[in-house]
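Overview (structure and organization)
For reference, the chains in residue letters:
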Amino acid sequence: MRHPGETEEYISSLFASETEAHKHTSEALKHAYPKLYPIQLGPLEGKILQLLIRLAGAKKVVEVGSLAGYSALWIAEALPEDGVVYAINKDPKHHALLEGNIKKSDHARKIIPCLGDAKQVLETLNEKAPLDMIFIDADKSAYVAYLDWAEKHIRKGGLIVGDNTLLFGHACQDVPPEGERAPSKTAWRVMREFNERLANAEKYTSILLPTEEGMTVAVKEF
Ligand code: DHB
Ligand code: MG
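What comes next is a walk through the structure. This one's a predicted model, so the numbers in the text were calculated from it and none came from an experiment. Here the residue index of a chain counts from 1 through its sequence in written order. Written order decides the labels, with chains lettered from A and ligands numbered from 1. Per-residue local features are limited, in this predicted model, to residues with pLDDT of at least 70; the limit for side-chain atom pairs, both in listing and counting, is 80 or more; totals at the level of whole chains, interfaces and linings are taken over all residues. Hydrogens are left out, water is left out, and the side-chain values use all remaining heavy atoms of the structure.

1. Some points on the coordination of the magnesium ion (ligand 2)
Here the magnesium ion (ligand 2) is held by the protein donor atoms Asp137 (OD), Asp163 (OD) and Asn164 (OD1), which lie 2.0 to 2.1 Å from it. Distances up to 2.8 Å from the metal define which N, O and S atoms are donors, and 3.2 Å serves for Na, K and Ca; water is absent from the atom set, so sites may look incomplete. Each donor residue of the magnesium ion (ligand 2) belongs to the same chain, and together they define the spacing D-x25-D-N. With a gap of 26 residues between them, Asp137 in the loop between β4 (131-136) and α7 (143-153) and Asp163 in strand β5 (residues 154-163) connect regions that are remote in the sequence. Exposure categories follow from relative accessible area, calculated using a 1.4 Å probe and restricted to protein chains: below 20% of the type maximum is buried, above 50% is exposed, and the middle band is partly exposed. Taking relative accessible area as the criterion, Asp163 reaches 0% and is therefore assigned buried. In DSSP terms, a helix is any run of H or I states spanning at least four residues, a strand is any run of E spanning at least two, and both are numbered starting from the N terminus.

2. A short note on α7
Burial within α7 is extensive, with eight of its eleven residues counted as buried. Looking at α7, one finds that the buried residues are Tyr143, Val144, Tyr146, Leu147, Trp149, Ala150, Glu151 and His153.

3. Focus on the pattern of salt bridges
By convention in these notes, a salt bridge is any Lys or Arg side-chain nitrogen within 4 Å of a carboxyl oxygen on Asp or Glu. Tallied over the full model, the rule gives eleven salt bridges. Put simply, Glu20 and Lys23 hold a salt bridge, and the shortest N to O gap is 3.8 Å. One end of the pair, Glu20, and the other, Lys23, are both in helix α2 (residues 20-32), three residues apart, so they sit about a helical turn from each other. Residue classification places Glu20 among the exposed residues on the basis of a relative accessible area of 60%. Owing to a relative accessible area of 39%, Lys23 belongs among the partly exposed residues under this scheme. A salt bridge links Glu193 to Arg197, with the shortest nitrogen-to-oxygen separation between them at 3.1 Å. Here Glu193 pairs with Arg197, and both are found in helix α8 (residues 185-198), just four residues apart, close to one helical turn. The class for Glu193 is partly exposed, based on a relative accessible area of 32%. Three or more residues joined by partner-sharing salt bridges are found here, namely Asp148, Glu151, Glu193, Arg197 and Lys203.

Given below as structure tokens:
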């Protein structure tokens, strides 16, 4: 859940201005799915993705869990003319919402909406490999499965990025979370493994950026 404080508002107001397409997409999500609106990326995180794309010279990106298309728009804007982002959604309603929203953007042609279970859709993208970057923001219990795919299909020097890698404050605990509102034990175990694997300095140059939700960023060195 995002509740940007004054510091984040200050940073975003200076460095992460939203386009009309971003604003439209946010409003459309808020209207269609008010409860999902707070799980959308914030502008600060969108701008971090843009910076990473530009630094890595990324051209071919895959996003796992695109919801209304807000983060795909940030990604697409930073890509070169011939860049693409495969935007995966499992829910047909989210997929349709994204298709409508991206039409508002001048960068829509770079966004390829993909409908289906991400593990299956990723297999269909094997033929596009190697890709330059994966942004993982879907079911928290499957992050390691997406990492397994990424280790095979992201190029050396490419980027593996995951959102929510602090797991709502639970990733830092060394015992499984308890309580009604806590994430599942599986999500906790998977997120711990995701971060531990990406922290391996022999394989990655990496950090868990302390955004509000936590964003693990890893350059693949193999
Ligand atoms: C949740 C999922 C997200 O991707 C996010 O950024 C915030 C919250 C959730 O499942 O609650
Ligand atoms: Mg997220």
